[in-house]
Amino acid sequence: MYLGVDLGTSSLKVLLCDNQGLVLDTAKKEYESSFPNIGYSEQNPQEWLNAFVDTLKELSTRNDISQIKAISFCGHMHGLVMLDSQDNVIRPCLMWNDTRSIVETDFINNYFGEKLLDMVGNIAFAGFTAPKLLWIKNNEPENFKKIAKIMLPKDYLLYASTGIFASDVSDNSGTLYFDVQNKSWQQDMLSLLGINQGQLPKIFESYQVVGNVCSKFAKISGLSINTKIVAGGGDQAVGAIGTGTVGDGNINISLGTSGVVFASCNNYAHSDVKGLHSFAHSDGKYHFMGCTLGCAASVDFWLQNVLNIKDYNTQFEACKNIEPTQIVYLPYISGERSPINNPIAKGTIHGLQISHTRHDITRAVVEGVCFSLKDCLVEMQRLGINAKQSTAIGGLTQNPWILQILSTILNLEIRTLQASQGGAFGAVILAMVGDELYNSVKEACKELVKLNDAIVPDTTQVEFYNAKFAKYKELYKNIKMTY
């Protein structure tokens with residue numbers, strides 16, 4: 001048996017699978033964030049550990065968890081966990097969505113300038129770990145002085161279960177003090193932050209064994225000291241493993257509240273478009289990632305807040321047979337990250353005429369969401385990603401009409417998963433590879449990830465949407481100075 005642990009923002013989920021990757025059992029435990037000030041988002045790492053132990057105990061009532069061969073992790077990225085010399089948590093974790101470090105983010109970007117992309121492959125964002133550390137240094141100097149260990153959220157569970165201070169390449173790619181290309185700590189950034197390598201973990205590939213369950217955690221959890229602990233990775237990379245997105249040029253698209261375009265690649269490169277991330281992948285290679293902020297959030301805004309519609313599928317069904325219009329929707333209702341990197345961008349509905357109906361606007365909103373994903377994909381294609389198909393996950397993928405529009409706008413075949421278990425299944429795959437059940441992540445994905453039949457582009461509308469995408473780009477260019 002193998003166990004995948006998904007440390008999410010609101011809950012921890014564990015997935016128990018057999019040697020063929022079939023799900024045997026699952027358990028879930030929720031916890032809460034605190035928001036002590038505007039822009040602040042914090043969690044207590046002890047609650048993650050409690051949730052991990054609780055879910056293991058629940059599994060043990062139905063399974064012999066001492067027979068688990070290996071465990072691996074998937075975790076939310078960018079969080080800052082700090083321990084003192086006695087391994088006590090110094091303060092609550094600053095979460096990925098904590099934006100208090102805006103001043104520090106601007107400082108880092110201005111201090112290094114264009115050199116930053118060459119140093120670490122990315123520019124600074126307020127959500128990244130380095131600006132958070134600098135905020136602690138500037139605003140909580142007594143806490144900063146206590147730091148003996150700096151780790152990412154999932155690594156707190158790894159440390160508690162093994163006693164080994166370790167992490168992986170994919171998760172650390174989002175810290176901004178990790179040299180993504182060379183998979184090592186970036187000394188100029190460490191010097192700026194005032195930290196040293198002794199405060200940072202040993203780095204592994206996501207599929208490598210860190211060690212075994214320590215005796216202390218075995219007594220608490222019911223696991224065996226023979227159970228291997230595999231490093232795991234950041235949520236997007238491990239989630240991509242669960243969709244089979246490995247190897248050169250393969251793509252996965254996530255249509256959640258925010259949208260993600262994830263492209264795996266064999267070789268490192270970074271983009272001169274600063275809103276696109278260049279990270280190490282959990283398969284041992286690299287990946288590009290674009291994150292859009294108004295994906296399903298745009299659909300929710302239009303259907304719930306404006307139309308007051310709860311039954312989305314009925315509305316989508318009503319839109320199926322109407323022709324696309326010249327209405328263009330910019331989905332920047334929360335600003336935008338990828339690829340334009342403009343936090344003050346605004347949502348826009350352009351081209352309305354008196355003959356248009358709510359169905360026309362609904363279709364335009366869906367198209368605009370897909371255009372924002374295409375905007376990321378086009379940049380990746382410029383950097384050498386040449387995929388002909390993509391997997392797709394997330395809530396909006398449940399509607400075939402939306403998938404058809406996505407396929408046509410991207411001009412890609414789209415395939416969904418037969419069974420989606422999220423990042424926890426990606427962690428199971430990593431655990432299997434670490435236990436040498438498979439020789440590589442790519443081999444394991446080929447065997448274990450099952451896809452539905454492809455949705456193919458509507459060739460009669462591809463050129464229309466290419467032209468409309470050009471209008472989408474031109475509209476933003478023409479109005480961005482008015483924000």
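Further up the page is the structure itself.
Sequence order as written defines the numbering, with residues in each chain counted from 1. Local features in this predicted model are restricted to residues whose pLDDT is 70 or higher, and side-chain atom pairs enter the listing and the counts only when it is 80 or higher, whereas totals over whole chains, interfaces and linings include all residues. No hydrogens and no water enter the side-chain calculation; it runs on all heavy atoms of the structure.

1. Side note on the nonpolar core
In terms of nonpolar packing, the biggest core is built from 55 residues, with Ile251 and Phe316 touching the most fellow members. Helical segments are the DSSP runs of H or I of at least four residues, strand segments are the runs of E of at least two, and each set is numbered from the N terminus. When residues of this core are assigned to their parent elements, the largest contribution, 11 residues, is made by helix α13 (residues 358-382). Contacts between residues were defined by any pair of non-hydrogen atoms, one from each residue, lying within 4.5 Å. Contact partners of Ile251, with chain neighbours within four places excluded, come to Thr245, Val261, Phe262, Ala263, Leu377, Ile385, Ala387, Gln389, Ser390, Thr391 and Leu412. Ranked by size, the runner-up nonpolar core spans 41 residues in total, among them Ala124, Leu133, Leu200 and Ala280. Think of a nonpolar core as a cluster: buried Ala, Val, Leu, Ile, Met, Phe, Trp, Tyr and Cys residues, connected wherever their side-chain atoms sit within 4.5 Å. Exposure is judged per residue with a 1.4 Å probe applied to protein chains only, and the accessible area is read against the type maximum: over 50% gives exposed, under 20% gives buried, and values in between give partly exposed.

2. Some thoughts on the packing of α13 against helix α14 (residues 400-410)
Each axis is a line fitted through C-alpha atoms, and for a helix only the stretch in contact is used; angles between axes span 0 to 180 degrees, taken between their N-to-C directions. Look at α13 against α14: their axes get within 9 Å of each other, and the N-to-C directions meet at 45°. What the angle tells us is that α13 and α14 run oblique. Note on packing geometry: the crossing formed by α13 with α14 is right-handed. Taking contact as the criterion, the partners of Arg363, Val366, Glu367, Cys370, Phe371, Leu373, Lys374 and Leu377 in α13 are, on α14, Trp401, Ile402, Ile405, Leu406, Ile409 and Leu410. Among the residues making up the contact of α13 with α14, the classes are represented as 11 nonpolar, no polar and 3 charged. Here roughly perpendicular refers to angles of 65 to 115 degrees, roughly parallel to angles under 35, roughly antiparallel to angles over 145, and oblique to all remaining angles. Left-handed is the label given to a crossing in which the near helix is rotated counterclockwise from the far helix by less than a right angle, and right-handed is the label when the rotation is clockwise. Note on residue classes: Ala, Val, Leu, Ile, Met, Phe, Trp, Tyr, Cys and Pro are nonpolar, Asp, Glu, Lys and Arg are charged, and everything else, Gly too, is polar.

3. A look at helix α15 (residues 423-434)
Over its 12 residues, α15 runs 16 Å from end to end, which matches the ideal 16 Å to within 8%, given 1.5 Å per residue. Most of α15 sits inside the fold, with 12 of its 12 residues counted as buried. All buried positions along α15 are accounted for by Gly423, Ala424, Phe425, Gly426, Ala427, Val428, Ile429, Leu430, Ala431, Met432, Val433 and Gly434. Following α15 by one or two positions, Glu436 has its phi on the positive side, about 65°. In this analysis, the expected span of each helix is defined as 1.5 Å times one less than the number of residues it contains.

4. Remarks on the pattern of salt bridges
By salt bridge we mean one thing: a side-chain nitrogen of Lys or Arg within 4 Å of a carboxyl oxygen of Asp or Glu. This structure, assessed with the given rule, holds 22 salt bridges. Notably, a salt bridge pairs Asp98 with Arg100, separated by 2.7 Å at the nearest N-O pair. Residue Lys183 is joined to Glu205 by a salt bridge in which the shortest nitrogen-to-oxygen separation is 2.9 Å. Separated by 22 residues along the polypeptide, Lys183 in the loop between β10 (178-179) and β11 (184-185) and Glu205 in the loop between β12 (202-204) and β13 (209-212) bring together distant segments of the chain. Overall, Glu205 belongs to the buried group, its relative accessible area being 14%. A network of salt bridges, in which partner residues are shared, links Glu42, Arg91, Asp98, Arg100 and Glu140.

5. Description of the packing of α13 against helix α17 (residues 462-479)
Helix packing for two helices is described by the angle between their axes and how far apart those axes are. For the pair α13 and α17, interaxial distance at closest approach is 10 Å and the crossing angle is 80°. Accordingly, the angle class assigned to the pair α13 and α17 is roughly perpendicular. Contacts between α13 and α17 involve Arg363, Glu367, Gly368, Phe371, Ser372, Lys374, Asp375 and Val378 from the former and Tyr465, Asn466, Lys468, Phe469, Tyr472 and Lys473 from the latter. Residues of the contact of α13 with α17, tallied by class, amount to 5 nonpolar, 3 polar and 6 charged.

6. Section: the packing of aromatic side chains
Geometry of aromatic contacts follows a simple scheme: Phe, Tyr and Trp rings, the Trp one being its six-membered ring, pair when their centres are within 6.5 Å, and the pair is stacked under 30 degrees between planes, edge-to-face over 60, tilted otherwise. Overall, the coordinates contain 21 aromatic pairs when judged by the stated rule. A ring pair is formed by Phe178 and Trp185, whose centres lie 5.5 Å apart and whose planes are at 75°; its orientation type is edge-to-face. Given the relative accessible area of 0%, Phe178 is considered buried. Taken together, the ring pairs in this structure connect Tyr332, Phe371, Phe464, Tyr465, Phe469, Tyr472, Tyr476 and Tyr483 into an aromatic cluster. In this arrangement the basic side chain of Arg100 is found over the ring face of Tyr40, its NZ or CZ atom lying 3.6 Å from the centre. Definition used: whenever NZ (Lys) or CZ (Arg) falls within 6 Å of the ring centre and also within 35 degrees of the ring normal, the charge is taken to sit over that ring.

7. A look at helix α16 (residues 441-448)
Of the positions making up α16, those classed as buried are Val441, Ala444, Cys445 and Leu448. Buried residues along α16 cover an arc of 100° about the axis, so they all sit on one side. For α16, the exposed residues set more than 90 degrees away from the buried face come down to Lys442 and Lys446. On the buried face of α16, the contacting elements are α10 (235-242) and α15. It is the directions from the helix axis to the C-beta atoms that the arc portrays.

8. Some points on the sheet that holds strand β19 (residues 286-292)
Strand order across the open sheet formed by 6 strands is β18-β19-β17-β16-β22-β23, with mixed pairing between neighbours. Every interior strand has two partners, whereas the edge strands, β18 (276-280) and β23 (413-415), have only one. Taken over all neighbouring pairs, the strand axes of this sheet differ in orientation by 25° on average, direction set aside. In terms of strand pairing, strand β16 (residues 251-255) meets strand β22 (residues 389-393) through 4 bridges, oriented parallel. Paired with Ile253 across the bridge in β22 is Ala392. Of the strands in this sheet, β16, β17 (259-265), β18 and β19 touch α13, which is tilted by about 155° from β19. Think of it this way: DSSP has to see at least two bridges between two strands before they count as a pair.

9. Digging into a nonpolar patch on the surface
Nonpolar side chains collect at one region of the surface, where Phe301, Val306 and Ile333 lie side by side and expose about 240 Å² of accessible area between them. As for its placement among the helices and strands, Ile333 is situated in the loop between β20 (328-330) and β21 (348-350). Judged by relative accessible area, Ile333 falls into the partly exposed class, the value being 34%. Residues with no salt bridge and a relative accessible area higher than 30% make up the patches, which join like charges within 9 Å and nonpolar side chains (Val, Leu, Ile, Met, Phe, Trp, Tyr) within 5 Å. Each accessible area is a Shrake-Rupley estimate made with a 1.4 Å probe; only the visible protein chains count as cover when residues are assessed.

10. A short note on unusual backbone geometry
The linkage connecting Ser338 with the following residue, Pro339, adopts the cis geometry, with an omega of -10°. Tracing the sequence through the fold places Pro339 in the loop between β20 and β21. Non-glycine residue His78 carries a positive phi angle of around 75°. Within the element layout of this structure, His78 appears in the loop between β5 (70-75) and β6 (81-83). For Asp87, which is not glycine, the phi torsion reads 65° and is therefore positive. Here Asp87 lies in the loop between β6 and β7 (93-94).

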